[in-house]
Amino acid sequence: MAITSNSLLVPPLPPEIIEWEILTRLPVKSLLLYKSVCKSWNLLISSNHEFIKSQLVLNPNKDSLMLDVYYGHSNSFISKSEIIGCINGLVCFYRCKIDDSEVGEIAIWNPALNQCLVILTLPKKDIRHHNVLLGFGFDSVANDFKVMYGNLIRNQPLAIDVYSCKAACWKKIAPSNILYSGGIYNLREPAIVSGCPFWLIQKNEDAEFSLAVIWFDVRHEVFRLLPSFSCIGRLQSKDCVLMNFRDSFAIMVYDLWANFVKPIDVYTFNHRCSVWNKISIGPFTFKEPNIKLNGMISDGKHKVLEEATIKLGILVPCSRNGDILFVNPHGYKLYSINPETHTIKILKERDSVDENRFKCFNYSESLIFIEGMKPVHEYSRDKGRFRFLVRERLELGAS
């Protein structure tokens, strides 16, 4: 049988394979370009909720980090705001007015799409910047992003308003049976797990001081209190960080100023069984690699700086994939530790002497668009403040 050129042609792939097995695995930047290929792709990428959901799960940049760098100046909304949280590629901001007596503003931004929704009308409250309770959540059943906004009054029940992006309106929530006793430690930066925000609060009961964890059930719109346990009664010389650890709520407790030569205690909460589980990670000791200084001669040889122990400073609450993140004591470097292999990576080094410090958030780019979002003009975007990092960076080796 003669082989013809036509018999060597590969048959075309079915459209469903291209759209649901190939396109869903592409980054957002590429998909935005492919919207112009044809009308069906434009509709698929822009408004098909199942496609957008699949792309969020399958895209190669789903396990990234967003760094909020304190650097430069800008008059844009985003640059003068503080981040409440990141969920499914959306970043929620809060900006307090210069006059502390005025109500602030809240916005939700999709960096990948460069689209932003500014919630202009906030409920009127007797509010000051230091007693604003903020949260950002996602109701996966109703497919609705929600913002929590309230003021804290000592010895009064927690009371907030909730903004539904789907309904585009505020709703007053009935006061909870949890009393505010004078301290919420991550007031405007709650840990977010499964779309729900978590806060660490101070409780004063019978003249006893203790700490507890509350969370807002976004689906049922009610505050809930987690069972207490001994590690956060009185931390004394220890510090703790609330975070999303492998998609579970966790508290990491470590000794202050110990440079992580002692293990980190990780307490994860099992919602199904309503119990705390404890594991210990570490201790960690790492060395910076040897550095050869060209041009400096000592005893006829190039001078080599000796290894220096990496000083581990402050834990960073970004451990959704199980890695432990921390910055050194001066905040100039961001490290990532794999607790199973004991390998360490440098994710970021200081770019400029003007760069003071940064905060870090779990981030997954997405195509999610909320009705009412508008493009962020290039001139108003803050240049240099935000960095988006994939976790695979320079690896230093095992301890």
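Nothing here was measured: the structure is a model prediction, and the numbers come from that model.

What follows concerns the overall build of the protein. The helix and strand inventory of the protein stands at four helices and 29 strands. For the protein, the proportion of its 399 residues judged to be buried stands at 47%. Expressed as a percentage of contacts within the protein between residues at least 6 apart in sequence, the contacts between residues at least 24 apart total 53%.

On to the sheet that holds strand S3 (residues 90–95). Here five strands make up an open sheet; going across it, the order is S2-S3-S4-S5-S27 and the pairing antiparallel. The open sheet has two free edges, formed respectively by strand S2 (82–87) and strand S27 (374–375), since each of these has just one partner strand.

Our next topic: unusual backbone geometry. Of note in the backbone geometry, Asp247 takes a positive phi value of approximately 65 degrees without being a glycine. By secondary structure assignment, the location of Asp247 is in the loop between strand S16 (238–245) and strand S17 (248–255). Here Ser274, not a glycine, exhibits a phi torsion of approximately 55 degrees, which is positive. Mapped onto the elements of the fold, Ser274 is located in the loop between strand S18 (264–270) and strand S19 (275–281).

On to the environment of Cys240, then. Mapped onto the elements of the fold, Cys240 is located in strand S16. The class of Cys240 is buried, set by a relative accessible area of 12%. For the pair Cys240 and Met252, spaced twelve residues apart in the sequence, the C-alpha separation amounts to 5.4 Å.

Before going further, it helps to spend a moment on the sheet that holds strand S7 (residues 144–151). Across the sheet, four strands lie side by side as S6-S7-S9-S10; this open sheet has antiparallel pairing. Bordering the open sheet on either side are strand S6 (132–139) and strand S10 (169–172), each of which pairs with just one other strand. Between one strand and the next, the sheet's axes are offset by a mean angle of 25 degrees, whatever the strand orientation. One ladder, built from four bridges, connects strand S9 (residues 159–164) with S10; its direction is antiparallel. By the bridge assignment, Asp161 is partnered in S10 with Lys172.

This next bit is on the packing of aromatic side chains. Two descriptors summarise a pair of aromatic rings, namely the distance from one centre to the other and the angle between the planes of the rings. Applying the stated rule across the entire model yields 14 aromatic pairs. Ring geometry for Phe326 and Tyr335: centres 5.1 Å apart, planes at 20 degrees, overall stacked. Here the two residues Phe326 and Tyr335 agree in accessibility, since each one is buried. Following the ring pairs from residue to residue traces out a cluster consisting of Phe198, Trp215, Phe249, Phe269 and Trp276.

Next up on the list: the pairing of S3. The element S3 is extensively covered by neighbouring structure, given that six of its six residues are classed as buried. Side chains Leu90, Cys92 and Tyr94 project from S3 onto one buried face, and the interleaved Val91, Phe93 and Arg95 project onto a second face that is buried too. Looking at chain direction, S2 and S3 are connected through five bridges and run antiparallel. Note that in S3 the partner of Gly85 across the bridge is Cys92. Hairpin connection from S2 to S3: two residues lie between these consecutive antiparallel strands, with Asn88 at a positive phi of about 50 degrees. Relative to strand S4 (residues 105–110), S3 is paired through five bridges, and the arrangement is antiparallel. From the neighbouring strand, Arg95 faces S4, where its bridge partner is Glu105.

Tallied over the full model, the rule gives zero disulfides. Lacking any disulfide linkage, Cys318 is separated from the closest cysteine sulfur, that of Cys360, by 3.7 Å.

Low pLDDT means the predicted atomic positions in that stretch should not be read closely. With 69% of its residues at a pLDDT of 70 or more, the protein shows a mean pLDDT of 77. Residue range residues 290–307 is modelled with pLDDT below 50. Its contacts to residues more than four positions away, or to other chains, number 22 contacts.

What counts and what doesn't
In every chain, residue numbers begin from 1 and rise along the written sequence. Selection of residues for local features in this predicted model requires a pLDDT of at least 70, selection of side-chain atom pairs for listing and counting requires 80 or more, and totals for whole chains, interfaces and linings are taken over all residues. The basis for every side-chain value is the complete set of non-hydrogen atoms in the structure, without hydrogens or water. Each helix is a run of H or I in the DSSP string that is no shorter than four residues. Each strand is a run of E no shorter than two, and both are numbered from the N terminus. Three exposure classes are used, based on accessible area relative to the maximum for each residue type with a 1.4 Å probe and protein chains only: buried under 20%, partly exposed in between, and exposed over 50%. Here, two residues are considered to be in contact whenever any of their heavy atoms come within 4.5 Å of each other. We call two strands paired when DSSP finds no fewer than two bridges between them. Axes here refer to lines fitted to C-alpha atoms; in helices the fit is confined to the stretch in contact. Angles between the N-to-C directions go from 0 to 180 degrees. Stacked, tilted and edge-to-face are the three classes assigned to paired rings of Phe, Tyr and Trp, where Trp is represented by its six-membered ring and a pair needs centres within 6.5 Å; plane angles under 30 degrees give stacked, over 60 edge-to-face, the rest tilted. By convention in this document, the label disulfide applies to cysteine sulfur atom pairs within 2.5 Å. One confidence number per residue, pLDDT, is output by the predictor and ranges from 0 to 100.

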